Amino acid sequence: MQLEHLTEEQRLTYATAKRFADTELRDVVDGRPGDQSLVRSLLRRLGEVGLLGGTFPADVGGAETDHVSYCLVCEAIGGVSPSVFTGALTVQLSLVGTALNRYGRGSQRGDLLRSALSGAKVGAFALTEPDSGSDPAAARTEAKRVGDSWKINGSKLWISNGTVADFIIVFAQTSPGSRHRGLTAFIVPGTAAGVTRTVISGKLGLAESDTASLAFDDVLVPDDARLGEVGQGFAIAQASLEVGRLSTAACAVGISQACLDISVTYARSREQWGKPIGGHQLIQSLVAEMATGTHPSRLPVHHTAAPVGREKTSFRAWSLKWLRGPSRAGSSSTTQPPPWTGGNQPLRTSRWPSSSQPRQPWRMLAGRSRSMAGLDSWTKRESLPFSGMR
């Protein structure tokens, strides 16, 4: 990975996350394939090594890092296990953490957020429903006032951390028919009476990520369990999802980088015609294509993250500023495994998401396939990963 554009602090953050991913996380993931309780068991350890603090302020247990540093953590963890990334970073921090930090009141932002950032408690973000995915305003789950409480009825689908969460941020309509104006968020205990949690198995990817369907049958919660104001749920969801898209884009870069690293190692170790296959021009060309897809995928992520917190602007505004023109992004590294591996499967793609749904960083950031124009000149021969293969 090229680090020239990063500060010393950002490089140290990446080195810490990468060391943990390579020396601890990889062995745990490899030893527990398909174990959806993996994220819960790893959260406390992630907190101990300082990888859950994110960009959150110190008064709630955060690390107060910049958003580029957070993206680097997501890239390092996501490159080894997108499953752990999904549950521990993009859900626990980007979605749940952002919602509690920006809209939480009293103990919601204090004790609850602090316990999430330490890994003591697991959170889930219940927005998606069977009939409303990308259109959260169409949610049918309802919350009705009953005295000083709210009664929630409905269902949610594809909820990460759903069966292991200690608390769930549930989005429900408090004014049916009002679409986004009627959406309100509530913090519901995972073990609350009336909550049924069913694990979703047989997924094509993210095998170690806990994914669930949730049913709410007359679930009663007090009014102080409401997150934000009545009708503010849509704003809460959008604010959280913006951070989630950025972290998911960083994970996509991590997956691409991991494929590149493994391919380079394989090209240097396998020999044909008297020398490593990396010494042959065709293999060098194929590796170069992977490299020139990975690095340009990383730069827009960092350029999008860099101004956040310094200027009053949205992730989307910056992503559209930096992402220009059509692009295949870096997905070719994962959706088209190099044919020169000879069927030996060095990429171990079962660990990563299904190639039927490629994660393109451009799409994660801007909702469309765009690339960054005017990339810095970085393709000097000595900087390419296959240098020295001869």
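No experiment lies behind these values; they were computed from the predicted model shown. (Residues numbered from 1 in each chain as written. Predicted model: local features only at pLDDT ≥ 70, side-chain atom pairs only at ≥ 80, totals over all residues. Heavy atoms only, no water.)

**Some points on the overall build of the protein chain**
Here's step 1: Counting secondary structure elements, the protein chain contains 10 helices and 10 strands.
Here's step 2: Within the span of the protein chain, comprising 390 residues, buried residues form 51% of the whole.
Here's step 3: Residue pairs at least 24 apart in sequence account for 76% of intrachain contacts in the protein chain once pairs closer than 6 positions are excluded. (Helix = DSSP H or I, 4+ residues; strand = E, 2+ residues; numbered from the N terminus. Buried < 20%, exposed > 50% of the residue type's maximum accessible area, 1.4 Å probe, protein only. Contact = heavy atoms within 4.5 Å.)

**Remarks on helix H7 (residues 281–305)**
Here's step 1: The terminal C-alpha atoms of H7, which comprises 25 residues, lie 37 Å apart, in line with the 36 Å expected from a rise of 1.5 Å per residue.
Here's step 2: Across the 25 residues that make up H7, a large majority, 18, are buried. (Expected span 1.5 Å × (residues − 1).)

**Focus on the pairing of strand S7 (residues 211–222)**
Here's step 1: Judged from the nine bridges that link them, strand S3 (residues 149–160) and S7 form a sheet pairing that is antiparallel. Across the sheet, residue Lys151 finds its bridge partner in S7, namely Leu220.
Here's step 2: Bridge count for strand S6 (residues 195–199) against S7 is five bridges, and the pairing is antiparallel. Opposite Thr198, over in S7, you have Ser213 as the bridge partner. (Pairing = 2+ DSSP bridges.)

**What about unusual backbone geometry?**
Here's step 1: One non-glycine residue, Leu206, adopts positive backbone phi at about 50 degrees.
Here's step 2: Structurally, Leu206 can be placed in the loop between S6 and S7.

**Some words on the environment of Gly202**
Here's step 1: Looking at where Gly202 falls in the secondary structure, it is placed in the loop between S6 and S7.
Here's step 2: With a relative accessible area of 75%, Gly202 lands in the exposed category.
Here's step 3: When the C-alpha atoms of Gly202 and Gly34 are compared, they prove to be 9.5 Å apart, with 168 residues separating the residues in sequence.

**Observations concerning the side chain of Ser247**
Here's step 1: Locating Ser247 in the fold gives a position in helix H6 (residues 233–269).
Here's step 2: Among residues more than four places away in sequence, those in contact with Ser247 are Tyr70, Cys74, Phe85, Thr90 and Ser94.

**Observations concerning the pattern of salt bridges**
Here's step 1: Enumeration over the complete set of coordinates arrives at 14 salt bridges.
Here's step 2: Note that Asp22 is salt-bridged to Lys18, the shortest N-O span being 2.7 Å. Linking Asp22 with Lys18, this pair stays in helix H1 (residues 8–31), spanning four residues, or about one helical turn.
Here's step 3: On the basis of relative accessible area, Asp22 is assigned to the partly exposed category, the value being 29%.
Here's step 4: Between Glu48 and Arg45 there is a salt bridge, and its shortest N-O distance comes to 3.3 Å. Note that Glu48 and Arg45 are positioned in helix H2 (residues 38–48) at a spacing of three residues, about one turn of the helix.
Here's step 5: A relative accessible area of 60% places Glu48 in the exposed class.
Here's step 6: Residue Arg45 is classed as partly exposed on the basis of its relative accessible area of 30%.
Here's step 7: Each of the salt bridges in this network shares a partner with another, and the network as a whole consists of Arg145, Asp223, Arg226 and Glu229. (Salt bridge = Lys/Arg side-chain N within 4 Å of Asp/Glu carboxyl O.)

**Quick look at helix H3 (residues 67–80)**
Here's step 1: The first and last C-alpha atoms of H3 sit 20 Å apart over 14 residues, in line with the 20 Å expected at 1.5 Å per residue.
Here's step 2: The buried fraction of H3 is high, at 14 of 14 residues.
Here's step 3: One side-chain oxygen of the residue at the start of H3 lies 3.0 Å from the amide nitrogen of Val68, identifying that residue as Asp66. (Polar contact = N/O pair within 3.5 Å; in protein donor to acceptor, adjacent residues only side chain to side chain.)

**Topic: the side chain of Gln108**
Here's step 1: Relative to the elements of secondary structure, Gln108 occurs in helix H5 (residues 108–118).
Here's step 2: In terms of polar contacts, Gln108 uses its side chain to reach the backbone carbonyl oxygen of Arg226, at 3.0 Å.
Here's step 3: Discounting residues that sit within four places of it in the chain, Gln108 has contacts with Leu100, Tyr103, Leu113, Ile187, Asp224, Ala225, Arg226 and Leu227.

**A closer look at the packing of helix H4 (residues 82–103) against H5**
Here's step 1: The contact between H4 and H5 brings their axes to 9 Å, and the two run at 160 degrees. In terms of axis orientation, H4 runs roughly antiparallel to H5. Crossing hand, H4 versus H5: left-handed. Counted together, Gln92, Leu93, Gly97, Leu100, Asn101 and Tyr103 of H4 and Gln108, Arg109, Leu112, Leu113, Ala116 and Leu117 of H5 form the full contact between these two elements.
Here's step 2: Of the residues belonging to the contact of H4 with H5, the class tally is seven nonpolar, four polar and one charged. (Axes fitted to C-alpha atoms, helices over the stretch in contact; angles between N-to-C directions. Parallel < 35°, antiparallel > 145°, perpendicular 65-115°, else oblique. Left-handed = near helix turned anticlockwise from the far one by under 90°. Nonpolar A, V, L, I, M, F, W, Y, C, P; charged D, E, K, R; others polar.)

**Describing the pairing of strand S5 (residues 183–189)**
Here's step 1: Most of S5 sits inside the fold, with six of its seven residues counted as buried.
Here's step 2: Where strand S4 (residues 167–173) lies against S5, seven bridges are found, and the strand directions are antiparallel. By the bridge assignment for S5, Phe167 is matched with Pro189.

**A short note on the confidence of the model for the protein chain**
Here's step 1: With 78% of its residues at a pLDDT of 70 or more, the protein chain shows a mean pLDDT of 81.
Here's step 2: Across residues 320–330, confidence stays below pLDDT 50; counting only partners more than four residues off in sequence or on other chains, it has 38 contacts.
Here's step 3: Every residue in residues 352–390 scores below 50 in pLDDT, and together they form 120 contacts with partners more than four places removed in sequence or on other chains. (pLDDT = per-residue confidence, 0-100.)

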